[in-house]
Amino acid sequence: MKLLGCLAVAATIAAWSASGMGQLACNPNVPTGHFEGTAISRQVGQVDVSFNLACANGNYSGTLVSPAGTYIYRGSTIQDDQFGKNHLHFDFESGGDKIGIDALFDGRVLRGTFAVTEDGGPVELRRTADVGPPSAPEGMSLTKEQWRQDLAFLAGELPKRHPDAFHFTDRLTFDKAVRELDHKLDGLNADEIYVGMDRIVNLIGDGHTYIRVPADDANLPIDIERFGDDYCLVAVADGNQKALGARVLKVENLPIDQARSLMLQLTPGDETRELQNLRAIDFLTGGIFLHGMRITPQRDEVRYTIVGDDGHEFTIDVHSVAPNQKLNWIYAYREPPLFRQKPEQSFWYVYLPDSSTVYCSFRGYKDLSKESRGLLDLIKQQHPNKLVIDMRLNGGGDYTEGLKYLVHPIRDLANINRKGHLFVLIGTGTFSAAMSNSAHFRYQTNAILVGQQIGEKPNSWQEPREMNLPNSHWTVRYSTKFYKFVETGENLIRPDQEIIPAWDDYRQGRDPVLDWVLKYESKTAPAAP
């Protein structure tokens, strides 16, 4: 629906005079602060809306957030009517869709209407708090009072917006954690405050509720994965080649397994340990996490103690890179296995003639209606003996599209939807919609699931929405709907055939999961012609 998209803005606002001749400087007649309220659409009814507007460098900036989407604020006008009241007009745009909002401000409430091509209705937003200008990248420009405003907003809003915020952690424990962080705020830096707030949000327990990592996260250009008890450097950027393939022993002075254990505090408590470990290990290469947890004294340079194949121990000092900096990654394998090829593509497929198999790498849902047609055409052309849908690197999207364009069409392929001919590859990081569609393949087709247990619980809170803290502008995600994808038995999606790759598999570029599938001999009778 148009409204749900158009009332979902998270962008810098440029304000212009009514005549359009120049920027509108900060004006006492234009409200600043944090506003909350509703908009009522003729098409979809009432939706919640929040709005931040601040004066920064003499001009306005702010955010408008609702249950879905992001639209850029393109400008505003202010004009006095014959009664001396200030009429405010705001313009938003995204991908060609435009919305206008006209409102009056009475000192406490913005009241007005919104209009788009196909919809419109009333908007009412009540001012609830002061708001500061957008912060510097690390948030160091905020005062302690502004941090307290953010914490108070988080503590008040999250339990209201999440439909069952205390399904895992009780309210007393949540409130205690908020009080403890508030008590310590005066002595904390921005990274420690981020970690403290993220720890509180993760008390909610589900995998979709957390604070997004800010763009300036002091990312360290190395990649660590765990194989058994070993933490191995599987990839490095230029300048760290000597560490490639080594085992990591320590982060600064802390054994790496203890560092991982500390990071578990920043993972969803009601998800599986597999998902918790996946995220905790990822945090071991983020300066914002290591500094915020006081593992390292600074965010932009971290010392790792590692050991090579020859048993020689040495240290490397890894420096963070700028946000969005392009890196030349070097991997521990010489040639990537099939499922790691074409990383820039979210959906691709190939026919493997030696095994009469169509292999499909399904990493994302972009243009799935179009992309899936090509896959189905290839199956029709080649008449393969096996079809492999690889979802190990799929982090989610819209599960209804997966049902419509993949699960159901494949279910209806009589030659493929047979035991031993349809395989779905899953892993710990198969998340959100990908987890849901993995369950659909299990219960609606004859697929054999191969790989590792999925980290996310199939019956859990999902369908995330977002809100922004008023001063730091950090984005808080929270779940809004409970889904149940498993009707009976344990609340897990385990593979029918578990295969856990070893470190030597990684280094040699082998994929034991796909290898098992290609060697699998079906015991089912041939399909009828």
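In what follows, the structure referred to is the one given above.
A. Here's a closer look at the overall build of the protein chain. Across its full length, the protein chain holds twelve helices and 24 strands. Sorting the 529 residues of the protein chain into buried and exposed places 51% on the buried side. Counting only contacts in the protein chain whose residues sit at least 6 apart along the sequence, the fraction spanning at least 24 positions is 66%. In the form shown here, the protein chain has an accessible surface area of approximately 24200 Å², with 48% of it arising from carbon and sulfur atoms.

B. Geometry of the packing of aromatic side chains. Enumeration according to the criterion identifies 20 aromatic pairs in this entry. Aromatic pair Tyr194 and Phe289: ring centres 5.9 Å apart, planes at 70°, arrangement edge-to-face. Of this pair, Tyr194 sits in helix α4 (residues 190–202) while Phe289 is found in helix α7 (residues 287–292), placing the two residues 95 residues apart along the sequence. Accessibility assignment for this pair places Tyr194 and Phe289 in one class, buried. Between Trp516 and Tyr520 the ring centres are 5.2 Å apart and the planes differ by 50°, which places this aromatic pair in the tilted class.

C. Expanded view of helix α3 (residues 171–184). Given a rise of 1.5 Å per residue, 14 residues ought to cover 20 Å, and the 20 Å separating the end C-alpha atoms of α3 matches this to within 8%. Those residues of α3 that sit buried are Phe174, Ala177, Val178 and Leu181. Here the buried residues of α3 occupy an arc of 100° about the axis, which is enough to place them on one side. In α3, the exposed positions angled more than 90 degrees off the buried face are occupied by Leu172, Arg179 and His183. Each element contacted by the buried residues of α3 is listed here: α2 (144–161) and α4. Its side-chain oxygen at 3.0 Å from the backbone nitrogen of Leu172, Asp170 defines the N-terminal cap of α3.

D. Seen up close, the side chain of Asn240. In this structure, Asn240 sits in the loop between β11 (230–237) and β12 (247–251). We classify Asn240 as buried; its relative accessible area is 13%. Residues in contact with Asn240, not counting those within four places in the same chain, are Pro221, Ile222 and Val318.

E. Examining the nonpolar core more closely. Leu158, Met197, Ile224, Met263 and Tyr304 are the most contacted members of the largest nonpolar core, which totals 58 residues. Take this core: its biggest share by element is seven residues, from α4. Apart from the residues within four sequence positions on either side, Leu158 is in contact with Phe153, Ala165, Phe174, Val201, Ile204, Thr209, Met467, Val476 and Tyr478. Within the second largest apolar cluster, 31 residues are counted, among which are Ile426, Ala434, Ile454 and Ile493.

F. Here's a closer look at the sheet that holds strand β9 (residues 210–211). Spatially, β9-β23-β22 is the arrangement adopted by the three strands of the open sheet, whose pairing is antiparallel. Strand pairing shows two members of the sheet lacking a second neighbour, β9 and β22 (459–468), which therefore form its edges.

G. Molecular detail of helix α9 (residues 399–411). Along its 13 residues, α9 runs just 16 Å from first to last C-alpha, ending more than 12% under the 18 Å computed at 1.5 Å per residue. Summarising the contacts, the buried residues of α9 are in contact with β17 (347–352), β18 (357–362), α8 (368–382), β19 (386–390), β20 (422–426) and α10 (433–444).

H. A look at the sheet that holds β19. Reading across from one edge, β17-β18-β19-β20-β21-β24 is the order of the six strands in this open sheet, with mixed pairing throughout. Only two strands of the sheet have a single partner each, and these edge strands are β17 and β24 (497–498). Pairing between β20 and strand β21 (residues 448–451): four bridges, direction parallel. Paired with Val424 across the strands is Leu449, a residue of β21.

I. Representation of the packing of α2 against α4 in the model. Packing of α2 against α4 leaves a shortest axis separation of 11 Å and a crossing angle of 10°. If you check the angle between α2 and α4, you find them roughly parallel. Judged by residue contacts, Lys144, Trp147, Asp150, Leu151, Leu154 and Leu158 of α2 engage Ala190, Ile193, Met197, Ile200 and Val201 from α4. For the contact of α2 with α4, a count of residues per class yields nine nonpolar, no polar and two charged.

J. Structural context of unusual backbone geometry. Notably, Ala218 is not glycine yet its phi reads approximately 55°, a positive angle. Inspection of the secondary structure puts Ala218 in the loop between β9 and β10 (222–227). With relative accessibility at 2%, the residue Ala218 sits in the buried group. With phi around 60°, Arg294 is a residue other than glycine that occupies positive phi space. The exposure class of Arg294 is exposed, given its relative accessible area of 58%.

Parameters and conventions
- Residues numbered from 1 in each chain as written.
- Predicted model: local features only at pLDDT ≥ 70, side-chain atom pairs only at ≥ 80, totals over all residues.
- Heavy atoms only, no water.
- Helix = DSSP H or I, 4+ residues; strand = E, 2+ residues; numbered from the N terminus.
- Buried < 20%, exposed > 50% of the residue type's maximum accessible area, 1.4 Å probe, protein only.
- Contact = heavy atoms within 4.5 Å.
- Areas by Shrake-Rupley, 256 points an atom, 1.4 Å probe, with all protein chains shown as cover.
- Phe/Tyr/Trp six-rings, centres within 6.5 Å; stacked < 30°, edge-to-face > 60°.
- Expected span 1.5 Å × (residues − 1).
- Arc of directions from axis to C-beta.
- Polar contact = N/O pair within 3.5 Å; in protein donor to acceptor, adjacent residues only side chain to side chain.
- Core = buried A, V, L, I, M, F, W, Y, C linked by side-chain atoms within 4.5 Å.
- Pairing = 2+ DSSP bridges.
- Axes fitted to C-alpha atoms, helices over the stretch in contact; angles between N-to-C directions.
- Parallel < 35°, antiparallel > 145°, perpendicular 65-115°, else oblique.
- Nonpolar A, V, L, I, M, F, W, Y, C, P; charged D, E, K, R; others polar.

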